[in-house]
4 protein chains.
Amino acid sequence: MEQRDDGRETGAPPGFPKNRMEALTDGIFAIAMTLLVLSLDVPAGIHDPSGATVTAMLASQLPAFYHYLLAFFILASFWIVHHVQAERLRHTDRTFLWINIVMLLFVTLVPFSVSLIGDYPGRIFAAIVFEVNLLGLGLLFAAQWRYATHNRRLVHPGTDIRRGNQRVMVVPAVSVIAILLALAGWTWSTAAYALIPLVMRFLPPGR
Amino acid sequence: MEQRDDGRETGAPPGFPKNRMEALTDGIFAIAMTLLVLSLDVPAGIHDPSGATVTAMLASQLPAFYHYLLAFFILASFWIVHHVQAERLRHTDRTFLWINIVMLLFVTLVPFSVSLIGDYPGRIFAAIVFEVNLLGLGLLFAAQWRYATHNRRLVHPGTDIRRGNQRVMVVPAVSVIAILLALAGWTWSTAAYALIPLVMRFLPPGR
Amino acid sequence: MEQRDDGRETGAPPGFPKNRMEALTDGIFAIAMTLLVLSLDVPAGIHDPSGATVTAMLASQLPAFYHYLLAFFILASFWIVHHVQAERLRHTDRTFLWINIVMLLFVTLVPFSVSLIGDYPGRIFAAIVFEVNLLGLGLLFAAQWRYATHNRRLVHPGTDIRRGNQRVMVVPAVSVIAILLALAGWTWSTAAYALIPLVMRFLPPGR
Amino acid sequence: MEQRDDGRETGAPPGFPKNRMEALTDGIFAIAMTLLVLSLDVPAGIHDPSGATVTAMLASQLPAFYHYLLAFFILASFWIVHHVQAERLRHTDRTFLWINIVMLLFVTLVPFSVSLIGDYPGRIFAAIVFEVNLLGLGLLFAAQWRYATHNRRLVHPGTDIRRGNQRVMVVPAVSVIAILLALAGWTWSTAAYALIPLVMRFLPPGR
């Protein structure tokens with residue numbers, strides 16, 4: 001199996017196969033993406049569900065729902081990036097695993113950030129916590145890619161490193177823009193993340 | 001490995017192996033199916049557990065329990081469908097992964113819908129939220145299947161596409177019926193989903 | 001791969017490989033076993049943590065902790081049984097998958113039963129709910145094994161069916177005893193489950 | 001497959017392949033690491049989010065956040081150790097699986113311990129519960145390694161057993177130190193765990 005290309009026979013320090021890192025990562029992504037739903041509160045006390053009450057209820061959930069969708073799709077994008085990057089890897093090593101684990105720490109914080117922003121819609125400090133969370137997550141992904149591709153340390157030969165380098169910087173850059181917008185007093189700074197699919201269109205994935 | 005049939009050698013845009021999509025999907029289904037249990041409240045204040053009190057308690061939990069069972073078996077059915085469809089796939093691609101992710105979004109919403117309907121038993125707006133959730137889930141499954149089978153894009157040759165096309169439309173059709181029943185003022189419109197096993201009996205799975 | 005021994009070439013109805021059933025099952029077991037911890041409440045209001053207060057606090061958590069341990073090890077035992085049974089399988093089929101799914105339904109109910117018994121320690125109705133849950137779980141495991149081994153339908157030739165048949169009946173039998181003890185008015189009927197390791201000692205696993 | 005090196009052909013008692021033990025373990029680690037985030041409370045009632053209020057809020061969350069980070073990285077370290085140990089295994093057996101399951105019991109208790117210490121920051125009894133939890137977890141890991149390596153029972157030939165023996169005793173030793181510090185009345189005894197990366201630097205992993 002290609003995953004065992006870990007130097008064990010050559011006396012070099014052993015690498016690790018990818019499958020368990022993928023299992024832990026898939027598990028944490030799956031749980032974090034599912035726990036997001038806990039940030040949606042079942043509204044209490046709709047004793048008179050007239051059309052007006054229900055409409056008001058649904059309207060009051062809209063900011064929470066918007067950030068639920070935003071966080072879900074951002075986590076999903078990162079998961080796809082992880083999937084694509086892992087395809088390029090020959091194997092992992094301890095440093096790579098630790099970068100991956102710090103990255104997962106930021107993944108587990110996302111449900112907390114989304115709950116905070118859902119409880120404090122339109123408050124700048126909550127938006128900044130959310131954006132700093134995504135900034136950290138994006139930087140860790142970038143660090144992981146840089147580490148893996150430096151001197152083609154862990155990736156298959158023939159991997160298009162440059163395009164990957166550009167793509168991993170999109171979320172950190174958008175996060176910095178969003179934080180600056182928030183600091184400038186703009187209430188809905190998290191809308192900046194809607195730029196991502198647009199930007200990615202100009203940076204199609206390489207091989 | 002057959003999963004590596006991704007065009008890498010031929011210069012075509014790369015496909016993805018199925019295993020990690022399956023891992024994320026299995027994880028999210030497992031978590032959503034387990035989180036459903038949180039919609040069952042441990043009843044408080046049974047200080048005098050006489051037969052009458054306990055019977056009353058159990059009776060008060062019946063609607064929540066009915067929707068728990070309903071949601072569990074519907075999610076389980078979708079999981080089996082996903083399992084069966086994935087067996088027919090040669091590999092996936094980015095578009096397929098994104099359809100899968102939107103489908104998973106509707107999966108993660110099911111525990112929320114079930115909690116809502118458990119807190120508001122017999123209320124039409126809660127039934128409609130639940131049914132719209134399943135309509136969306138069903139349509140995404142149908143879209144995923146159509147995408148994969150169009151011109152046999154991703155499926156193994158020899159797959160029985162027509163029967164699959166019929167089966168994926170059952171849940172959306174039943175959901176539309178249930179929504180219409182709810183809009184007509186019928187309180188227990190979610191009972192319509194009990195039709196599914198009956199209908200499926202007339203549409204046995206193809207190869 | 002042996003898992004593809006599914007008759008596809010011979011025109012027989014297709015079987016399914018085992019890996020995804022295992023993934024869903026492992027996921028649901030892992031989540032249910034981890035959610036059990038939510039039945040342990042962090043005690044509130046220890047403002048004066050003298051030795052006496054802390055001792056009283058720990059003592060008040062003992063019944064919840066006992067049932068936490070009990071449920072954890074029972075779920076773990078079932079997981080090991082599933083693991084061992086799956087090793088004997090050549091492949092699965094739709095009926096087997098559905099039995100597995102109903103079994104998983106009872107797995108997801110265990111955290112609810114444990115919470116109930118934790119909130120109502122020493123109450124007979126809570127013990128009965130817990131024991132009925134385990135009875136259902138045990139019967140489904142037995143049914144799954146019987147289905148798989150009937151005429152050696154799904155198992156590898158050479159599997160020791162008789163010993164497996166004896167072992168899968170232990171939990172249902174102990175559950176019936178526990179329910180009878182509860183109905184006879186015995187408060188700590190769940191202690192009957194402590195018999196299981198003893199009984200299993202006389203029924204060592206076959207090949 | 002090497003995983004089938006289980007003696008089935010030779011008449012010896014069967015061993016088990018590693019993959020499902022890894023799946024259950026990865027699932028429980030992933031869930032426990034993600035549930036830790038529930039120990040972070042979304043602060044309520046920030047009606048006047050001036051700079052001072054937000055700073056006070058963030059400051060009040062610092063102890064909870066510190067123990068969140070601590071628990072996350074300790075669980076991550078154990079997961080990496082499990083990963084590395086599993087690479088050395090040829091297969092597992094029933095005893096090994098049961099040691100693994102008791103170890104997982106301590107993993108699922110970590111979110112409870114962290115919630116306790118988050119609700120009672122600076123209280124010695126909460127620190128001791130947390131430290132006893134990690135002591136148990138560490139001892140189980142040590143026992144699992146000793147069992148697997150005794151007479152090279154389950155490990156590949158050529159595994160460096162002595163270095164592994166040293167490394168698995170670090171967390172138990174640090175836990176004993178932390179418990180002694182707590183019993184001596186030191187409030188922040190959990191800071192002792194910051195020693196671990198330092199100690200590990202002097203015990204680099206063997207082959």
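Cut-offs and rules
- Residues numbered from 1 in each chain as written.
- Chains lettered and ligands numbered in written order.
- Predicted model: local features only at pLDDT ≥ 70, side-chain atom pairs only at ≥ 80, totals over all residues.
- Heavy atoms only, no water.
- Helix = DSSP H or I, 4+ residues; strand = E, 2+ residues; numbered from the N terminus.
- Contact = heavy atoms within 4.5 Å.
- Areas by Shrake-Rupley, 256 points an atom, 1.4 Å probe, with all protein chains shown as cover.
- Least-squares fit on C-alpha atoms with pLDDT ≥ 70 in both.
- Buried < 20%, exposed > 50% of the residue type's maximum accessible area, 1.4 Å probe, protein only.
- Buried area = accessible area lost by both parts, 1.4 Å probe.
- Salt bridge = Lys/Arg side-chain N within 4 Å of Asp/Glu carboxyl O.
- Polar contact = N/O pair within 3.5 Å; in protein donor to acceptor, adjacent residues only side chain to side chain.
- Nonpolar A, V, L, I, M, F, W, Y, C, P; charged D, E, K, R; others polar.
- UniProt positions renumbered as here; feature names shortened; annotations may be inferred.
- Expected span 1.5 Å × (residues − 1).
- Phe/Tyr/Trp six-rings, centres within 6.5 Å; stacked < 30°, edge-to-face > 60°.
- Lys NZ or Arg CZ within 6 Å of the ring centre and 35° of its normal.

We now examine the overall build of chain A. Tallying secondary structure elements over chain A gives 7 helices and 0 strands in all. Taken from N to C terminus, the helices and strands of chain A fall in the order α-α-α-α-α-α-α. A separation of at least 24 residues holds for 78% of the contacts in chain A among residues at least 6 apart in sequence. Of the roughly 8,300 Å² of accessible surface on chain A, 67% is carried by carbon and sulfur atoms.

For the pair chain B and chain C, the best superposition has an RMSD of 0.0 Å and corresponds to a rotation of 90° with a translation of 0.0 Å parallel to the axis. The superposition of one copy onto the other is thereby described by a four-fold rotation axis. Among all residues of chain B, the minimum C-alpha distance to the rotation axis is found for Gly27 of chain B, at 4.3 Å. Interface residue correspondence from chain B to chain C reaches only 3%, placing this contact among heterologous pairings that use different surfaces.

Attention shifts here to the environment of Leu40 of chain D. Looking at where Leu40 of chain D falls in the secondary structure, it is placed in the loop between helix H1 (19-35) and helix H2 (51-88). A relative accessible area of 6% places Leu40 of chain D in the buried class. Taking the C-alpha atoms as reference points, Leu40 of chain D and His67 of chain D, 27 residues apart in sequence, are found 9.9 Å from one another. Once residues within four sequence positions are removed from consideration, Leu40 of chain D is found in contact with Leu109 and Phe112 of chain A together with Gln61, Ala64, Phe65 and Tyr68 of chain D.

Moving on, we get to the relation of the copies chain C and chain D. Note on the identical chains: chain C maps onto chain D by a rotation of 90° and an axial translation of 0.0 Å, with an RMSD of 0.0 Å. With a heterologous cut-off of 20% or less, the 3% of interface residues of chain C that recur at the interface of chain D puts this contact in the heterologous class.

Once that is clear, we can look at the interface of chain B and chain C. Each partner contributes to the interface: chain B provides 39 residues, whereas chain C provides 31 residues. Summed over both sides, the interface between chain B and chain C buries roughly 3,300 Å², with carbon and sulfur atoms accounting for 70% of that surface. Applying the counting criterion to the chain B and chain C interface returns 1 salt bridge. For Asp26 of chain B, the salt bridge identified is with Arg20 of chain C, shortest N-O distance 2.6 Å. Our enumeration of links across chain B and chain C arrives at 3 residue pairs in polar contact (both at pLDDT 80 or more). Only helix H1 (19-35), helix H2 (51-60) and helix H3 (62-88) of chain B provide two or more residues apiece to the side of chain B that touches chain C. By residue number, the principal contributor to the side of chain B that touches chain C is H3 of chain B, which donates 15 residues. Within the side of chain B that touches chain C, the residues separate by chemical class into 24 nonpolar, 7 polar and 8 charged.

Facing 39 residues of chain C, the contacting portion of chain D comprises 32 residues. When chain C packs against chain D, close to 3,300 Å² is buried across both sides, 70% of that on carbon and sulfur atoms. On the surface where chain C and chain D come into contact, there are 1 salt bridge. Joining chain C to chain D, the criterion identifies 3 residue pairs in polar contact (both at pLDDT 80 or more). Sorting the residues of the side of chain C that touches chain D by element identifies helix H1 (19-35), helix H2 (51-60) and helix H3 (62-88) of chain C as the ones contributing at least two each.

Residue and element names in this part refer to chain A. As recorded in UniProt, the feature "transmembrane region" (unreviewed entry) lies at residues 27-46, 66-84, 96-118, 124-147 and 168-196. The straight-line gap between the two end C-alpha atoms of residues 124-147 is 34 Å; of that span, 100% is helix and 0% is strand. The span residues 168-196 is 55% helix and 0% strand, and its two end C-alpha atoms sit 11 Å from each other.

Before going further, it helps to examine H1 of chain D. Compared with an ideal rise of 1.5 Å per residue, which puts 17 residues at 24 Å, H1 of chain D spans 24 Å between its outermost C-alpha atoms and is within 8% of the ideal. Where burial is concerned, most of H1 of chain D is hidden: 14 out of the 17 residues are buried.

Following the criterion strictly, the structure yields 28 aromatic pairs over all chains and no others. For the pair Phe72 of chain B and Phe73 of chain B, a centre-to-centre distance of 5.8 Å together with 85° between the ring planes defines the contact as edge-to-face. Look at Phe72 of chain B and you get buried, because its relative accessible area is 0%. Here the aromatic rings of Phe73 of chain C and Trp98 of chain D are separated by 6.3 Å at their centres, their planes lie at 35°, and the arrangement is tilted. Highlighted residues: Phe73 of chain C in helix H3 and Trp98 of chain D in helix H3 (residues 94-119), drawn from two different chains. Here Arg153 of chain A stacks its cationic end above the ring of Tyr147 of chain A, 3.9 Å away from the centre of that ring.

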